[in-house]
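Observations on chain architecture
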Amino acid sequence: MNVIEIKNLTKNYGKARGITDVSFNVEQGEIFGFIGPNGAGKSTTIRTLLSLIYPTSGSATIFGKDCVKFGPEIRKEIGYLPSEVFYYDNMRVIDLLKYSASFYKKDCSKRIIELAEIMDLDLNKKIDDLSYGNKKKVGIVQGLLHAPKLIILDEPTSGLDPLMQQKFFDLLEQENKKGATILLSSHILSEVQRLCNRVAIIKEGKIIKVEKISTLQESNHKKFKIEVKAKIDDNYFKVSGVSALDINGNIISFLFRGNINFIMKKISEIQITNLWIEEPDLEEIFMHYYEKED
Amino acid sequence: MNMFLHELKAYRKSTIVWTCSLITLVILFLSMFPTFSKEAVAFKEILKGFPEPIRKALGLSIDSISSILGFYSYMFLYTTLCGAIQAMNLGTSIVSKEVREKTADFLLTKPVTRTKIMTLKLLAALTCLVITNIVYLAVASTMASFVKTEEYSYKIFFMISITLFFVQLMFLALGIIISVVMPKIKSVLPISLGTVFTFFIIGMFAATTGDDAMRYITPFKYFDTNYILKNASYEFSFIIIEIGFIIAAITASYIIYSKKDVHAV
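Residues numbered from 1 in each chain as written. Chains lettered and ligands numbered in written order. Predicted model: local features only at pLDDT ≥ 70, side-chain atom pairs only at ≥ 80, totals over all residues.

**Some details on the overall build of chain A**
- Secondary structure assignment for chain A yields 10 helices and 14 strands.
- With the C-alpha coordinates of chain A rotated into their principal frame, the extents come out at 70 × 40 × 35 Å.
- The buried share among the 294 residues of chain A stands at 38%.
- A separation of at least 24 residues holds for 71% of the contacts in chain A among residues at least 6 apart in sequence. (Helix = DSSP H or I, 4+ residues; strand = E, 2+ residues; numbered from the N terminus. Buried ≥ 20, exposed ≤ 12 C-beta atoms within 10 Å, placed from the backbone. Contact = placed C-beta atoms within 7 Å.)

**A closer look at the overall build of chain B**
- Along chain B, the regular secondary structure elements total 12 helices and 0 strands.
- Mapped from its N terminus to its C terminus, chain B presents α and β elements in the order α-α-α-α-α-α-α-α-α-α-α-α.
- Here the C-alpha atoms of chain B give a radius of gyration of 20 Å, agreeing with the 18 Å that 2.2 N^0.38 yields for 265 residues.
- Seen through its C-alpha atoms, chain B measures out along the principal axes to roughly 65 × 35 × 30 Å.
- Scored against the burial criterion, the 265 residues of chain B give a buried share of 37%.
- At a minimum sequence separation of 6, the contacts of chain B that also span at least 24 residues come to 81%. (Rg over C-alpha atoms; globule rule 2.2 N^0.38 Å.)

**Focus on the environment of valine 199 of chain A**
Residues and elements named next belong to chain A.
- One can find valine 199 in strand 9 (residues 198–203).
- Measuring from C-alpha to C-alpha, the distance between valine 199 and glycine 58 comes to 21 Å, with 141 residues separating the pair along the chain.
- Not counting the four nearest positions on each side in its chain, valine 199 is found in contact with Gly33, Ile35, Val192, Glu211 and Ile213.

**Quick look at the pairing of strand 4 (residues 57–62) of chain A**
Residue and element names in this part refer to chain A.
- Both strand 1 (residues 2–13) and strand 4 contribute to a ladder of 5 bridges, which runs antiparallel. Following the sheet pairing, threonine 10 is matched in strand 4 by serine 57.
- Pairing of strand 4 with strand 5 (residues 65–66), which is carried by 2 bridges, proceeds in the antiparallel orientation. Opposite threonine 61, over in strand 5, you have aspartate 66 as the bridge partner. (Pairing = 2+ DSSP bridges.)

**As for the nonpolar core**
- If you look at the biggest cluster of nonpolar residues, it comprises 122 residues, and the most contacted ones within it are Ile62, Val141, Ile152, Ile182 and Leu184 of chain A together with Phe171 and Leu172 of chain B.
- Sequence-distant contacts of isoleucine 182 of chain A, that is, excluding residues within four places in its chain, are made with Ile31, Phe32, Ile151, Leu153, Leu172 and Asn176 of chain A.
- With 7 residues, the next largest nonpolar core counts Phe224, Ile226, Ile252 and Phe256 of chain A among its residues. (Core = buried A, V, L, I, M, F, W, Y, C linked by C-beta atoms within 7 Å.)

**Brief notes about the interface of chain B and chain A**
- At the interface, 19 residues of chain B touch 20 residues of chain A.
- Among the secondary structure elements, those contributing two or more residues to the side of chain B that touches chain A are helix 1 (2–31) and helix 6 (104–108) of chain B.
- Sort the elements by how many residues they give to the side of chain B that touches chain A and helix 6 of chain B lands first, with 3 residues.
- Partitioning the side of chain B that touches chain A into residue classes produces 7 nonpolar, 6 polar and 6 charged. (Nonpolar A, V, L, I, M, F, W, Y, C, P; charged D, E, K, R; others polar.)

**Re unusual backbone geometry**
Residue and element names in this part refer to chain A.
- Despite not being glycine, phenylalanine 63 has its phi angle at roughly 50 degrees, a positive value.
- The backbone phi angle of alanine 147 is positive, close to 45 degrees, even though this residue is not glycine.
- Turning to its location among the elements, alanine 147 is positioned in the loop between helix 5 (132–144) and strand 7 (150–154).
- Taking the C-beta count within 10 Å as the criterion, alanine 147 has 16 such neighbours and is therefore assigned partly exposed.

**Overview of the confidence of the model for chain B**
- Overall, the predicted model of chain B reaches an average pLDDT of 87, with 99% of residues at or above 70.
- Two summary scores accompany this predicted model of the complex, namely pTM at 0.83 and ipTM at 0.80. (pLDDT = per-residue confidence, 0-100.)

**Notes on the domain arrangement of chain A**
- Under the domain assignment used here, chain A contains domain 1 (2–212) and domain 2 (220–293).
- Summarising the inter-unit geometry, the C-alpha centres of domain 1 of chain A and domain 2 of chain A are found 38 Å apart. (Domains from an automatic or database assignment.)

**Points about helix 6 (residues 162–177) of chain A**
Residues and elements named next belong to chain A.
- Taking 1.5 Å as the rise per residue, helix 6 with 16 residues should run 22 Å; its terminal C-alpha atoms sit 22 Å apart, in good agreement.
- Those residues of helix 6 that sit buried are Met164, Phe168 and Leu172. Mapping the buried residues of helix 6 onto a view down its axis gives an arc of 80 degrees, with all of them on the same face. Of the exposed residues in helix 6, those oriented more than 90 degrees away from the buried face are Pro162, Leu163, Gln166, Asp170, Gln174 and Lys177.
- On its buried face, helix 6 is in contact with helix 4 (109–119), helix 5, strand 8 (181–186) and helix 7 (189–195).
- Positioned one or two residues after helix 6, glycine 179 has a phi angle of 120 degrees, which is positive. (Expected span 1.5 Å × (residues − 1). Arc of directions from axis to C-beta.)

**What to know about helix 4 of chain A**
Residues and elements named next belong to chain A.
- Buried within helix 4 we find Ile112, Leu115 and Ala116. One face of helix 4 carries all of its buried residues, which in axial projection span an arc of 100 degrees. In helix 4, those exposed residues whose orientation departs by more than 90 degrees from the buried face are Lys110 and Glu117.
- Residues of helix 4 that are buried in the fold lie against helix 3 (93–101) and helix 5.
- The first or second residue beyond helix 4 is aspartate 120, which carries a positive phi of 60 degrees.

**Concerning the sheet that holds strand 13 (residues 251–256) of chain A**
Residue and element names in this part refer to chain A.
- If you trace the 4 strands from one edge of the open sheet to the other, you get 12-13-11-14, paired in antiparallel fashion. Lying at the two open borders of the sheet, with one neighbouring strand each, are strand 12 (242–248) and strand 14 (272–278). Across the sheet, the mean angle from the axis of one strand to that of its neighbour is 15 degrees, orientation sign disregarded.
- Pairing analysis gives 6 bridges linking strand 11 (residues 222–228) to strand 13, with the strands arranged antiparallel. (Axes fitted to C-alpha atoms, helices over the stretch in contact; angles between N-to-C directions.)

**With respect to the packing of helix 3 of chain A against helix 5 of chain A**
All names here are of chain A.
- Running from amino to carboxyl end, helix 3 crosses helix 5 at an angle of 30 degrees, the nearest separation of the two axes being 9 Å. Taken together, the axes of helix 3 and helix 5 lie roughly parallel to each other. Crossing of helix 3 against helix 5: the hand is right-handed. Here helix 3 contributes Val93, Leu96, Leu97 and Ser100 to the contact with helix 5, which in turn contributes Val138, Val141 and Gln142.
- Residue composition of the contact of helix 3 with helix 5, grouped by class: 5 nonpolar, 2 polar and no charged. (Parallel < 35°, antiparallel > 145°, perpendicular 65-115°, else oblique. Left-handed = near helix turned anticlockwise from the far one by under 90°.)

**Looking at the environment of isoleucine 255 of chain B**
All names here are of chain B.
- Here isoleucine 255 lies in helix 12 (residues 236–259).
- A residue is classified by how many C-beta atoms lie within 10 Å of it, and isoleucine 255, with 12 of them, is exposed.
- A sequence separation of 143 residues divides isoleucine 255 from valine 112, and the C-alpha atoms of the two residues are 16 Å apart.

Now the structure itself:
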């Protein structure tokens, strides 16, 4: 079952920015990554899902219901953490969280305390007095306190220290195990790589690719690094399937996509002193996608 | 309900401040009345020395100023000015506050419709105005009965005082429509003060020229105190226009607000 279905979603802001013809689905129970550089249209897509902004054309459904028509009903089961958190400054943290909880018709007080403990958040402070990172924590607790079925996170980790990021990721994985579906937008690839099952890559308002993380990493590319005894012909590895070829003295590195036997044969025909074959991290694949488009 | 209480809390301070300034104003003015009425003849002579357009602009009517109602209706112009700023501030902040303080994302991603948000915010603002008016009316009535030199019609006193609320309603509606139409309001005060004073000056101008058509432009002249003093009633056509304006502005605000894109900050 698809929790989110986006069909040909388009949003124009006059001439600039916006998204064009965005389509993808997020399945029940998955952690879906949404990556792209700043200004690519991640937030626009997310804000349309939450009906903060309305689409120019196309549609999106959440839990099988149209986002615009059934907005309030859908939002009962959504937890949202915006990329920048701002709250009523003169409130205390606990009052804000209670105010937030009062919109959902269930008792969340226990969960608030639990979450605050995990995130190491002082509930009695005034929001005004909190640092950016601590405000972000308020946002996290606020987004999760009603045990939503769908969690939407827009660049969630900015401002959090690595320890807190770790705790936050653990928390998300727990929620996911309990059955929550997660849509995580980010431009930081390692966090997407660490958490997500599938990703959609967006660039300049268009979806370039929707792929399983594992497919992106494994079956598509291998990262080769070879140390050769003697300098070989620069063109030796210029064959189809090889990209990002870099020859630096005796060290040759490249990404390979295709039949692995073929490249192994090629390597076996030269004298090598050392060989590394790695899974490329998402960043390299990602850059690869971007460069190809340019 | 939660939102209503939250809004009320947010406006608590400003409501207290405005209510206090309104009652201070009425207490100060009315406490001058005993001295004034004793020397009424001399004062009238001085006032006659003022050129007529200035007297009209300031709302001074020599015939009635020596009676408590006449004196009260003179000062009442400044009460409505004060009240109008309060209402305009409230109206303008209702929606723009969330955008300016960047809390719109918080509120609008909760399971509530924008119509409901608007309704509750509106109700909270109305409650503030009603409270202000009740307190003001209580203080003004008490003060008037203290300083009166002769019996006066409480009905007319009440009719004049309650127009504060009517004028406030118009400015509230005006503020709301401005706040939903303008994409981002950085600061409420310049807009509300600017608008209110513009209308106030138009009002003074209308009074000097005696041009009836101009009275339709400014809420300050919808309820002519001299007319109320003479006829113990309001002018029907103005009431119809006021109701029409408020309904149109509020309806338009609801429609615009529920279709508006709320952009990231």
